[in-house]
Every structure is written in structure tokens, then in C-alpha cells.
There are 2 protein chains.
Amino acid sequence: MTFTMRSSPGYLVNHLGRLFAAELQARIRPLGLSVGVFPLMLQLWERDGLTQRELVDRLGLEQATVANTLSRMARDGLIVRRGDPHDGRIARSWLTERGRALRAPAVAAAEEVNAAALSGLSERERDAFVQLMQKTIAQFEGNAAG
Amino acid sequence: MTFTMRSSPGYLVNHLGRLFAAELQARIRPLGLSVGVFPLMLQLWERDGLTQRELVDRLGLEQATVANTLSRMARDGLIVRRGDPHDGRIARSWLTERGRALRAPAVAAAEEVNAAALSGLSERERDAFVQLMQKTIAQFEGNAAG
DNA sequence: TGCCACTCAATAGCGTGCTATGCAAGTCAC
DNA sequence: GTGACTTGCATAGCACGCTATTGAGTGGCA
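Residues numbered from 1 in each chain as written. Chains lettered and ligands numbered in written order. Predicted model: local features only at pLDDT ≥ 70, side-chain atom pairs only at ≥ 80, totals over all residues. Heavy atoms only, no water.

- Chain A has the name Transcriptional regulator HosA in an unreviewed UniProt entry, where Roseivivax jejudonensis is given as its organism.

Set out below in C-alpha cells:
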């Protein structure tokens, strides 16, 4: 059994990830969003005023990555960062009006991308696909920490 | 049906891609390789002396990405680039001895990552997973060009 | 022959991820 | 209360992907 890219799960998942990201990028760019900020926005739309640490824990990104992304988001007027009155180390991120207003169109865009990408699969296959990914992610995160 | 990250194929595939990449990175770093060069090395191990254009076509990356990656590979002594004697525009990439020697351990590392990642799935599930990814990739590439 | 269009590759500039490091603020031991 | 540890965030520097632009070489055609 020789190793080939086209049958390597690692390669396939990365390649597919790029395709998804490019498609989403194209659809949310007109809104002034980009793929990197999207997961952060999802969290903040859910609940405002999170700390950087909380975002790191929820998203599985590194602290430095979140710090950089928040900086861009602040620069682009999606959020404002304000210190916590009780703990001087903490900076909480709050959506601006503009950031808040993007929720519906952005989520719609993401749903469109998902639907288009999986349009060649049956309902059953789609569910299986999602479950296989969740299971594999759990496998990774079950090992070394999370 | 509300939108959630944990059930969004796009988010899952990207998250899983990062996990795979991190795991592979950790295993091939001791060899002096990184995840970005890996697909290019696979092509060159298969056949030496490819042009940048040929690599772009085989890998579905942008020309600029391949150019940058080849530069790093040359800097790190994995390849040498030599012009084509018949066409002055073309630069072909040739593996160095060192680059050539890394094939076996690098492929072994990738196979280990795949095996570890999918160790929680049955044989049947693994096959289904790979097929679902191939099918979804084909769906994407079937649309706008390839 | 001389020009134009095309192709190939390099480069600039940026987003998004990482590791490593530093600093300021809080906390705990004593 | 002081010193040491911990926690939260920022920054530097790099890999790796992208778009856009540039420049050099080829080839066709008037």
C-alpha cells in the first residue's frame, strides 16, 4: 500500500479546509469580515464582553493568535476592547453596532457555503460526515490535553 | 435550526485540518521538514525536476505560494533550482541528496499521523470518511474551475 | 525584423496560524 | 508587607496561504 495524497486523510482534510475557507472568504468579504475573525465573532454574537482567555478556551486557538485577531477586529471597527474594572489584567471585547449587525448575513453566508459544499451528499452522508469529523477531533483532543 | 460551530462542516474541517497539521509538524520537524513543504516533497520524490507551473497544477496551490515554498526549500537545502536549457523562463526543482533521503521517514511520519488520528474509527468508517472528503472536494472543484 | 501577447517566475503586502518571550497585575506564603 | 509564583495580554518573528503586480523570456504574425 503506497502513500498517496489523494487517499491521505491528513492531506484531504487540509485541502478541503482551504476550499471551505476560500469559499467563505469570498462570501463574507463584502461584509467586511474574514475567515479568521469569523469564529471570534460567533462567540461574541453569542455573548459579549468575553476575555481573551475565554475566547482561547472556547476556540482552541493560541493566545497570541486570538490577541492578533482581536487587534485586527478592533482596527476594523468590529469590536472595542475595554479593561475590566475589578482586574487590571483583563481586557474584555465588546461588539460595536456594526459588528453586531453583521450576525444575520454572516451566518447566512456560512450556511450557504456548507449547503453548497455538501450538496452532492445525501442527508445521511452529511450527518455521517459531521459525526466522523467530530469523532476524529475528539480523538485528537482526547490524547494530549485539549 | 440554529447555527453552531460544533455542527458546521466548514468549521469542523478547518479545525481538524489544524489538528492534523500540528501533529504532522511535530513529527517531521526533527527531519528538518514542515507541513508546507510536505506536499511539494511528495511530488518531487515521485518525480524530480518539475517546474513551478507543474507543481501548481498538481497541488492546487497558487503560483506565489509555490514560489515562496520552493525558496524556503532551497534555503534549507532540500532542493536546488536550475534553469531549463531550452526555455529561459523555466526553473526546475531538483532534490538534493538530503532531500531525497527524507522520503522514507517522512512518509512513515505521515502514515503514523493518519493512523493515530483515525484510530477511533472502524475500517468501514475510515473508508467512508476518505470517500466523503474526496466527494466534497470534487464538488468544490467541479464548480468554479479546478 | 519587430512588435505583441502569452507564459513563467519573483516579489510585495497581507491574513491567519504558530512558538517564544516579556511585562504588568493579581495572589499567596511567609 | 515583601518576594515569588501565576495569570492575562502584547509583541517579535516565522510558516504558509492568498491577491496583485512586475519583469523576463518565448513565440507568432504583420
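## Quick notes on the overall build of chain A
Argument step 1. Secondary structure summary: chain A contains seven helices and three strands in total.
Argument step 2. Along the chain direction, N to C, the helices and strands of chain A fall in the order α-α-β-α-α-β-β-α-α-α.
Argument step 3. With the C-alpha coordinates of chain A rotated into their principal frame, the extents come out at 60 × 35 × 25 Å.
Argument step 4. A total of 146 residues make up chain A; the buried ones form 44% of that total.
Argument step 5. Within chain A, residue pairs in contact and separated by at least 24 positions form 50% of the contacts whose partners lie at least 6 positions apart.
Argument step 6. Roughly 7900 Å² of accessible area belongs to chain A as shown, and the carbon and sulfur atoms make up 51% of that amount. (Helix = DSSP H or I, 4+ residues; strand = E, 2+ residues; numbered from the N terminus. Buried < 20%, exposed > 50% of the residue type's maximum accessible area, 1.4 Å probe, protein only. Contact = heavy atoms within 4.5 Å. Areas by Shrake-Rupley, 256 points an atom, 1.4 Å probe, with all protein chains shown as cover.)

## Topic: the protein's contact with DNA strand C
Argument step 1. As a matter of local geometry, DNA strand C sits amid 25 residues, with S34, T65, R72 and G88 of chain A together with Q52 of chain B nearest to it.
Argument step 2. Counting residues per element, the ones that place at least two in the surface near DNA strand C are helix 4 (63–75) of chain A together with helix 3 (52–59) and helix 4 (63–75) of chain B.
Argument step 3. Ranked by the residues each element gives to the surface near DNA strand C, the list is headed by helix 4 of chain A, at five residues.
Argument step 4. Looking at side-chain class alone, the surface near DNA strand C contains seven nonpolar, nine polar and nine charged residues. (Near = heavy atom within 4 Å. Nonpolar A, V, L, I, M, F, W, Y, C, P; charged D, E, K, R; others polar.)

## Comments concerning the packing of aromatic side chains
Argument step 1. A full pass over the atoms with the stated rule returns five aromatic pairs over all chains.
Argument step 2. Measuring from centroid to centroid gives 5.2 Å for F140 of chain A and F20 of chain B, while their planes differ by 70°, and the two rings are edge-to-face. Of this pair, F140 of chain A sits in helix 7 (residues 123–142) while F20 of chain B is found in helix 1 (residues 9–28), placing the two residues in two different chains. Each of the two residues, F140 of chain A as well as F20 of chain B, counts as buried. (Phe/Tyr/Trp six-rings, centres within 6.5 Å; stacked < 30°, edge-to-face > 60°.)

## Here's the deal with the interface of chain A and chain B
Argument step 1. Listed per partner, the contact involves 51 residues of chain A and 51 residues of chain B.
Argument step 2. Counting the surface lost from both chain A and chain B, the interface buries some 4500 Å², and carbon and sulfur atoms represent 72% of this.
Argument step 3. For the chain A face of the interface with chain B, the top three residues by lost area are F3, L132 and F140 of chain A, together amounting to 15%.
Argument step 4. Where chain A touches chain B, the interface holds two salt bridges.
Argument step 5. At the boundary of chain A with chain B, the tally comes to 17 residue pairs in polar contact (both at pLDDT 80 or more).
Argument step 6. Here the side of chain A that touches chain B is built from residues that sort into 29 nonpolar, 14 polar and eight charged. (Buried area = accessible area lost by both parts, 1.4 Å probe. Salt bridge = Lys/Arg side-chain N within 4 Å of Asp/Glu carboxyl O. Polar contact = N/O pair within 3.5 Å; in protein donor to acceptor, adjacent residues only side chain to side chain.)

## Brief notes about helix 4 of chain B
Every α-helical turn comprises 3.6 residues, leaving residues that sit three or four positions apart pointing alike.
All names here are of chain B.
Argument step 1. The terminal C-alpha atoms of helix 4, which comprises 13 residues, lie 18 Å apart, in line with the 18 Å expected from a rise of 1.5 Å per residue.
Argument step 2. Within the sequence span of helix 4, burial applies to V66, A67, T69, L70 and M73.
Argument step 3. Along its buried surface, helix 4 packs onto helix 2 (38–46), helix 3, strand 2 (79–83) and strand 3 (91–95).
Argument step 4. One or two steps after helix 4, the chain reaches G77, where phi turns positive at roughly 75°. (Expected span 1.5 Å × (residues − 1).)

## Here we look at the domain arrangement of chain A
Accessible area lost during the coming together of the parts is what is often quoted as the interface size.
Residue and element names in this part refer to chain A.
Argument step 1. Here chain A is described as being made up of domain 1 (11–33 + 102–140) and domain 2 (35–99).
Argument step 2. Here the C-alpha centroids of domain 1 and domain 2 sit 23 Å apart.
Argument step 3. Each partner contributes residues to the interface: domain 1 has 12 residues there, and domain 2 has 10 residues.
Argument step 4. Both faces combined, the contact of domain 1 with domain 2 buries some 930 Å², and carbon together with sulfur accounts for 71% of it.
Argument step 5. The largest share of the area that domain 1 buries against domain 2 comes from L33, L102 and R103, three residues that together contribute 53% of it.
Argument step 6. Linking domain 1 with domain 2 are one salt bridge.
Argument step 7. Here R103 ties to E46 by a salt bridge, and the two come within 3.8 Å at their closest N and O atoms. (Domains from an automatic or database assignment.)

## So, the sheet that holds strand 3 (residues 91–95) of chain A
Within a sheet, neighbouring strands are paired by backbone hydrogen bonds and run either parallel or antiparallel to one another.
All names here are of chain A.
Argument step 1. What the three strands build is an open sheet, ordered 1-3-2; its pairing is antiparallel. What marks the edges here is a single partner per strand, and that holds for strand 1 (50–51) and strand 2 (79–83).
Argument step 2. Two strands pair when backbone bridges link them, and strand 1 and strand 3 are joined in this way by two bridges, in the antiparallel orientation. Along strand 3, the bridge assignment pairs L50 with S93.
Argument step 3. With respect to the sheet, helix 4 is in contact with strand 2 and strand 3, its orientation differing from that of strand 2 by roughly 115°. (Pairing = 2+ DSSP bridges. Axes fitted to C-alpha atoms, helices over the stretch in contact; angles between N-to-C directions.)

## A word on helix 2 (residues 38–46) of chain A
Argument step 1. Buried residues dominate helix 2 of chain A, accounting for eight of its nine residues.
Argument step 2. When helix 2 of chain A is considered as a whole, its buried residues turn out to be F38, P39, L40, M41, L42, Q43, L44 and W45 of chain A.

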